[in-house]
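# Coordinates in review
Residue strings, one per chain:
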Amino acid sequence: MQIALSEEPIPNIIKTYAVLALAAQLAAYFSSHDRAHILRGSSIIAAGKSCTDLMDVLQKALNKSSDYTLVDALLQFCIVHVMSSSSLGNDIEMIRKIMHVLVDTVNSTSIPLGCLAAKAVQKLMDCSTADVESFNISGLVEYLAGRLHPVVHEDAVDDDQKRLIKSLLKALGSATYGRGNTLMLLKNAHNDSWPTYLSFIFANKEKFGGDVYFSAVTVMSELIQKDPSCFSKLYELGLPNAFLSSLAGMIPSAKAITCVSRGLGAICLDANGLDEVNTAQALEFFVDIFTSRKYVLAVNEGVFPLVNAIEGLLRGVPSLRDTGAIMIIRIIDKLSALGDDGHGCSGSSKKGGNSNAMALSNSSPDDISNERFAQICIFHVMVLVHKIMGNQEICSLFTKK
């Protein structure tokens, strides 16, 4: 603690290790779940000082903005401190100080600082719903959304900005865990615009890439799953339809195609959402995914998570099972149309010859021969059929049709 609070010119790396050691010690005491033991540990770690004094060190580190490792370590300590103090009746003063610092940090023009702050917000809100409510959640979401707005609407988005967007989206998702928070956040006049940022990401999926698309779908799904009554508000904002529209021309990303099932499952929790999914013939998306050369590498990269997600969708939404059986038949029909030249499925190779020895992970779709493409597609469908047919109702529907 003396090293962390020292005004002497101690190298930041030393201070960082000191703060991480304090956090590790406090976490060890907290893991005991014994109130007296935690209290005794906090007293020992403080060494006659107040743990809130480290907030002053954090503020100074933020002002310098020269070494983010110390900032990260201090934020980690704050998170552990709040978690441990919550078992002692919630350290409201500490939470308020962290709130003040995080608001300043989230609004910083520094992308690394913004990422650190957003991750800290997420972790603090993931501690418990009590901590969420203590964080004056409505105001915090407004700041997070305000930070998200300019970076989402940049003409070009680089990798650092994508990381910031993902961090902010995860923090916004965690903000809805408090009881009644979802509708409160969406009904607030200052906050009801941020779901439209998700729609913007869906409409510009090529610009943001698979990871950001995955994060946006995850936030939308969590909003609905945690509070299905918010669907009508999201529907008014056009979010479900924006997601369904994004399935056309999907980017060839393993994460992007895998998260689609969760998004569909969330929308189907509402009767109007289920109607929209059926009207859009959303399951046709998977026919294209499993039979198009464009997606063969993405499917190959994540075939098992993808298949598990589809099985979970059909298991969780019984009314889609009939359509699901038809979907599988459509996939098999398209694959069975493959001739020796491989033209039966979407796209064809510009190259011929045997490529069985080719390292598929290092290939591009056009580098895969038609024969090899057919073999890979058949393998993917075998995995799909094996998993889906574990559901007796779907198996019966499939056999009947």
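The rules behind these values
- Here, residues in each chain are numbered from 1, in the same order as that chain's written sequence.
- Confidence filtering applies because this is a predicted model: local features only for residues at pLDDT of at least 70, side-chain atom pairs given and counted only at 80 or more, and all residues used for totals across whole chains, interfaces and linings.
- The side-chain numbers reported here are obtained from all heavy atoms of the structure, hydrogens and water having been left aside.
- The patches described consist of residues with a relative accessible area above 30% and no salt bridge, like charges being joined within 9 Å and nonpolar side chains (Val, Leu, Ile, Met, Phe, Trp, Tyr) within 5 Å.
- Computed with the Shrake-Rupley method and a 1.4 Å probe, the accessible areas treat only the protein chains shown as cover for residues.
- Note on definitions: salt bridges are taken to be side-chain nitrogens of Lys or Arg within 4 Å of carboxyl oxygens of Asp or Glu.
- Only DSSP runs of H or I reaching four residues or more are called helices, and only runs of E reaching two or more are called strands; each is numbered from the N terminus.
- Here the term buried applies to any residue with accessible area under 20% of the maximum for its type, exposed to any over 50%, and partly exposed to those in between, with areas from a 1.4 Å probe on protein chains only.
- Residue contacts are counted whenever heavy atoms from the two residues lie within 4.5 Å of one another.
- Ring pairs are drawn from Phe, Tyr and Trp, using the six-membered ring of Trp, whenever the two centres fall within 6.5 Å, and their geometry is named by plane angle: stacked under 30 degrees, edge-to-face over 60, tilted for the rest.
- In this analysis the charged atom, NZ for Lys or CZ for Arg, is taken to sit over a ring once it is within 6 Å of the ring centre and within 35 degrees of the ring normal.
- For helices, the fitted axis covers only the stretch in contact; all axes are lines through C-alpha atoms, and the angles between them, taken along N-to-C directions, range from 0 to 180 degrees.
- Should the near helix be turned anticlockwise from the far one by less than a right angle, the crossing is termed left-handed; should it be turned clockwise, right-handed.
- When residues are sorted by character, Ala, Val, Leu, Ile, Met, Phe, Trp, Tyr, Cys and Pro go into the nonpolar class, Asp, Glu, Lys and Arg into the charged class, and all the rest, Gly among them, into the polar class.
- As a per-residue quantity, pLDDT reports the predictor's confidence and falls between 0 and 100.

With that settled, consider a nonpolar patch on the surface. A grouping of Ile 3, Ile 13, Ile 14, Tyr 17 and Leu 20 is seen on the molecular surface, where their side chains present a nonpolar patch of about 440 Å² in accessible area. Within the element layout of this structure, Ile 3 appears in helix α1 (residues 2–5). Residue classification places Ile 3 among the partly exposed residues on the basis of a relative accessible area of 38%.

Turning our eyes to something else, we now look at the side chain of Glu 311. Structurally, Glu 311 is set in helix α20 (residues 303–316). Not counting residues up to four positions away in its chain, the partners in contact with Glu 311 are Lys 387 and Ile 388.

Tallied over the entire structure, the rule returns five aromatic pairs. On the numbers, 5.5 Å between centres and 65 degrees between planes, the contact of Phe 202 with Tyr 213 is edge-to-face. In this pair, Phe 202 sits in helix α12 (residues 194–203) while Tyr 213 sits in helix α13 (residues 205–226), placing the two residues 11 residues apart along the sequence. Of the residues examined, Phe 202 reaches a relative accessible area of 1% and is grouped as buried. Here the aromatic residues Phe 202, Tyr 213 and Phe 243 are joined through ring pairs into a cluster of three or more. Across from the ring centre of Phe 214, 4.4 Å away, lies the NZ or CZ of Lys 255, which sits over that ring. Seen from the ring of Phe 373, Arg 293 lies directly overhead, with NZ or CZ sitting 4.5 Å from the centre.

So, on to unusual backbone geometry. Residue Gln 281 is not a glycine yet carries a positive backbone phi of 50 degrees. By the element assignment, Gln 281 lies in the loop between α17 (271–279) and α18 (284–291).

Turning to the pattern of salt bridges, a few remarks are in order. Going through the model one piece at a time under the given rule, you end up with nine salt bridges. One salt bridge connects Lys 166 with Asp 211, and the closest N-O pair in it is separated by 3.7 Å. Here the residue Lys 166 occupies a position in helix α10 (residues 159–174), and Asp 211 occupies one in helix α13, the gap between them amounting to 45 residues. We classify Lys 166 as partly exposed; its relative accessible area is 22%.

As for its placement among the helices and strands, Val 287 is situated in helix α18. Between the C-alpha atoms of Val 287 and Ile 331, which are 44 residues apart in sequence, the distance is 5.3 Å. Sequence-distant contacts of Val 287, defined by excluding residues within four places in its chain, comprise Met 327, Arg 330, Ile 331 and Lys 334.

The contact between α20 and helix α22 (residues 370–388) brings their axes to 9 Å, and the two run at 35 degrees. Helix-helix and strand crossings are classified by hand; for α20 and α22 the assignment is right-handed. In contact with Val 303, Phe 304, Val 307, Asn 308, Ile 310, Glu 311 and Leu 314 of α20, α22 contributes Phe 379, His 380, Val 383, Leu 384, Lys 387 and Ile 388. For the contact of α20 with α22, a count of residues per class yields nine nonpolar, two polar and two charged.

On to the confidence of the model for the protein. Low pLDDT means the predicted atomic positions in that stretch should not be read closely. Across the protein, pLDDT averages 80, with 73% of residues at or above 70. pLDDT under 50 marks residues 352–359. Its contacts with residues more than four places away, or in other chains, come to seven contacts.

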